[in-house]
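If you want the building blocks of each chain, they are given just below.
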Amino acid sequence: MSEDVLKRLKEAVVNYDVELAVEISKEVITTGFDPLKAIEQGLGEGLKIVGDKFEAGEVFLPMLMMAAQAMKESLAILEPALAKGVSRKVLGKVVVGTVEGDIHDIGKSIVAAMLTASGFEVHDLGADTPTSKFIAKAKEVDADLIGMSALLTTTMTKMSEVINALKEAGLRQKVKVMIGGAPVSTAWAEKIGADAYAEDAIAAVDAAKKLCGK
Ligand code: HCB
């Protein structure tokens, strides 16, 4: 197994072939190939291609959903391998979720898995998370950090709503905020007063470590 596996994973997603993507993912595990590379440079690249085709009107929603399904079923196989060999010392408590009105959860789940694998205690609220739920969970677990995800230009504004709610709850000094997702950027993070923007899961782990003082 070599870099060829990345090409095969990419093609399986581009061809909406859920079964094949799952089969190759199992191969990744048995051969000890880097699961993060398989996720980001194989499956993720395939999903990017389908997303671009969707934007250009070349494919329709059911196809996009099939491609996402191939990614999700493969992630279920690959994610546990990300968490291997982790030290049990908790680096910080992180609440993650995709903001309200937004059902995209693939990237958020990768970030959650990578944070867990790196030694953070992660509380994943899933997708379409109301602002009040972020605040309640942060209080409940005494969180150090909230990691929000948004994939739609119509939902990214929810991120500033969460930051304002943190301020109103008197938690903004204690709870740091990291954001990510296709439409957001460093400029958006600065505009809404988030502490960090992370473009991928590796950057998210780096940012989380810095923000939690590790
Ligand atoms: Co969706 N969709 N979609 N979609 N979708 C996007 C996001 C568009 C950009 C596609 C396009 O038009 N080019 C577009 C949004 C346009 C816009 O707002 N500007 C779009 C649209 C329009 C929609 C619908 C509205 C379509 C419709 O119904 N007509 C609908 C949304 C309904 C809703 O949410 N209310 C919809 C639905 C879907 C699905 C269900 C078919 C599927 C989602 C399945 C799921 O997540 N369970 C889907 C998908 C898969 C996509 C694309 C193709 C890929 C998203 C993805 O998973 N990427 C996406 C195209 C794109 O993003 N370019 C398209 C792979 C992951 C690994 O990348 O960026 O999410 P990521 O995460 C990275 C990174 O950003 C960072 O780390 C991750 C790992 O590296 N990160 C964080 C992410 N979150 C972080 C949080 C942190 O704190 C830190 C870092």
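Counting of residues starts from 1 at the beginning of each chain's written sequence and follows it residue by residue. Given that this is a predicted model, residues contribute local features only at a pLDDT of at least 70 and side-chain atom pairs are listed and counted only at 80 or more, while totals for whole chains, interfaces and linings are drawn from all residues. Note: side-chain values were computed over all heavy atoms of the structure, leaving out hydrogens and water.

Novice: I'm lost on the site of the ligand in this one. Help?
Specialist: Throughout, the term near means that a residue has one or more heavy atoms lying within 4 Å of the molecule or strand in question. Around the ligand sit 34 residues, and of these Ile103, His104, Asp105, Ser149 and Thr153 come closest. Identification of polar contacts relies on pairs of N or O atoms within 3.5 Å, with a donor-acceptor requirement for protein atoms, meaning one able to donate a hydrogen and the other able to accept it, and with residues adjacent in sequence counted only if both atoms are side-chain atoms. Between an oxygen atom of the ligand and a side-chain N or O atom of Glu40, the distance comes to 3.0 Å. Thr153 is positioned such that a nitrogen or oxygen atom in its backbone is 2.9 Å from an oxygen atom of the ligand.

Novice: Would you mind going over the pattern of salt bridges with me for this structure?
Specialist: Should the charged atoms of two oppositely charged side chains come close, the side chains can pair. Criterion for a salt bridge: a side-chain nitrogen of Lys or Arg within 4 Å of a carboxyl oxygen of Asp or Glu. Under the defined criterion, the tally for this structure stands at 12 salt bridges. When the shortest N-O distance is used, the salt bridge between Lys158 and Glu161 registers 3.3 Å. With Lys158 and Glu161 both in helix H7 (residues 158–168) and three residues apart, this pair spans about one turn of that helix. Accessibility here uses a 1.4 Å probe with only protein chains present; expressed as a share of the type maximum, an area under 20% marks a residue as buried, one over 50% as exposed, and anything in between as partly exposed. By relative accessible area, Glu161 is classed as partly exposed at 35%. Taken together, the salt bridges that share partners define one network made up of Asp4, Arg8 and Glu27. Under the scheme used here, helices are H or I runs from DSSP no shorter than 4 residues and strands are E runs no shorter than 2 residues, and both carry numbers assigned from the N terminus.

Novice: I keep staring at the nonpolar core and nothing clicks. Help me out?
Specialist: Side chains that are nonpolar tend, in soluble globular proteins, to be buried together. Core analysis: the largest hydrophobic core is formed by 47 residues, its most contacted members being Met71, Ile110 and Leu115. Those elements that provide at least two residues to this core are helix H1 (4–14), helix H2 (18–31), helix H3 (35–55), helix H4 (61–82), strand S1 (93–98), helix H5 (106–117) and helix H9 (201–211). In terms of residue count, the dominant contributor to this core is H5 (eight residues). Here, two residues are considered to be in contact whenever any of their heavy atoms come within 4.5 Å of each other. In this structure, Leu115 is in contact with Val94, Val96, Phe120, Val122, Met178, Ala204, Val205 and Ala208, ignoring residues within four places of it in sequence. Of all hydrophobic cores here, the second largest spans 26 residues; its members include Val95, Phe134, Ile163 and Leu166. Residues grouped as a nonpolar core are buried Ala, Val, Leu, Ile, Met, Phe, Trp, Tyr and Cys residues, joined through side-chain atoms within 4.5 Å.

Novice: Even after reading the chapter, I still don't get a nonpolar patch on the surface, so can you show me in this structure?
Specialist: Think of a patch as exposed residues, more than 30% relative accessible area, with no salt bridge, where like charges cluster within 9 Å and nonpolar side chains (Val, Leu, Ile, Met, Phe, Trp, Tyr) cluster within 5 Å. The Shrake-Rupley method, run with a 1.4 Å probe, gives the accessible areas here. Residue values count only the displayed protein chains as cover. Taken together, the side chains of Phe54, Leu61 and Met65 make up a nonpolar region of the molecular surface, amounting to roughly 290 Å² of accessible area. Locating Leu61 in the fold gives a position in helix H4.

Novice: How should I be thinking about the packing of H3 against H4 in this particular structure?
Specialist: Two quantities define a packed helix pair, namely the angle between the helix axes and the distance between the axes. Where H3 meets H4, the closest approach of the two axes is 10 Å, and the angle between their N-to-C directions is 170°. Classified by the interaxial angle, the pair formed by H3 and H4 is roughly antiparallel. Where H3 approaches H4, its residues Pro35, Leu36, Ala38, Ile39, Leu43, Gly44, Leu47, Val50, Gly51 and Phe54 are matched on the opposing element by Leu61, Leu64, Ala67, Ala68, Met71, Ser74, Leu75, Leu78, Ala81 and Leu82. Residue polarity is assigned by list, with Asp, Glu, Lys and Arg as charged and Ala, Val, Leu, Ile, Met, Phe, Trp, Tyr, Cys and Pro as nonpolar; anything else, Gly included, falls into the polar class. Here the contact of H3 with H4 is built from residues that sort into 17 nonpolar, three polar and no charged. A fitted line through C-alpha atoms serves as each axis, taken over the contacting stretch for helices, and the angle formed by two N-to-C directions is quoted from 0 to 180°. What sets the label is the angle itself: under 35 degrees gives roughly parallel, over 145 gives roughly antiparallel, 65 to 115 gives roughly perpendicular, and the rest give oblique.

Novice: What is the right way to look at the coordination of the cobalt atom of the ligand in this model?
Specialist: Reference values for coordination geometry: four tetrahedral donors around a metal ideally subtend 109.5 degrees, six octahedral donors ideally subtend 90 or 180 degrees. Protein coordination of the cobalt atom of the ligand is limited to a single donor, His104 (NE2), positioned at 2.2 Å. With respect to the helices and strands, the residue His104 is situated in the loop between S1 and H5. In this description, a donor is an N, O or S atom within 2.8 Å of the metal centre, a cutoff extended to 3.2 Å for sodium, potassium and calcium. Water is not part of the atom list, which can make sites seem incomplete.

Novice: Sorry, what's going on with the sheet that holds strand S2 (residues 121–124) here?
Specialist: What links the strands of a sheet is backbone hydrogen bonding, and the strands pair in either a parallel or an antiparallel sense. Think of it this way: DSSP has to see at least two bridges between two strands before they count as a pair. If you trace the five strands from one edge of the open sheet to the other, you get S2-S1-S3-S4-S5, paired in parallel fashion. Both edges of this open sheet fall to S2 and strand S5 (196–197), since each of them pairs with a single strand only. Bridging between S1 and S2 involves four bridges; their strand directions are parallel. Each bridged residue has a counterpart across the sheet, and for Lys93 the counterpart in S2 is Glu121.

Novice: What am I meant to see in unusual backbone geometry here?
Specialist: Most peptide bonds adopt trans geometry, and most residues besides glycine take a negative phi value. A positive phi angle, close to 55°, is found at Tyr16, a residue other than glycine. Among the secondary structure elements, Tyr16 is positioned in the loop between H1 and H2. Even without glycine at this site, Asp142 takes up a positive phi of about 60°. Within the fold, Asp142 resides in the loop between helix H6 (131–141) and strand S3 (145–149).

Novice: Would you take a moment to explain H4 for this structure?
Specialist: Think of an α-helix as 3.6 residues a turn; residues three or four steps apart then line up on the same face. The terminal C-alpha atoms of H4, which comprises 22 residues, lie 30 Å apart, in line with the 32 Å expected from a rise of 1.5 Å per residue. Leu64, Ala67, Ala70, Met71, Ser74, Leu75, Leu78 and Leu82 are the residues of H4 that are buried. If you follow the buried residues of H4, they end up packed against H1, H2, H3 and H5. Each residue after the first adds 1.5 Å to the expected span of a helix.

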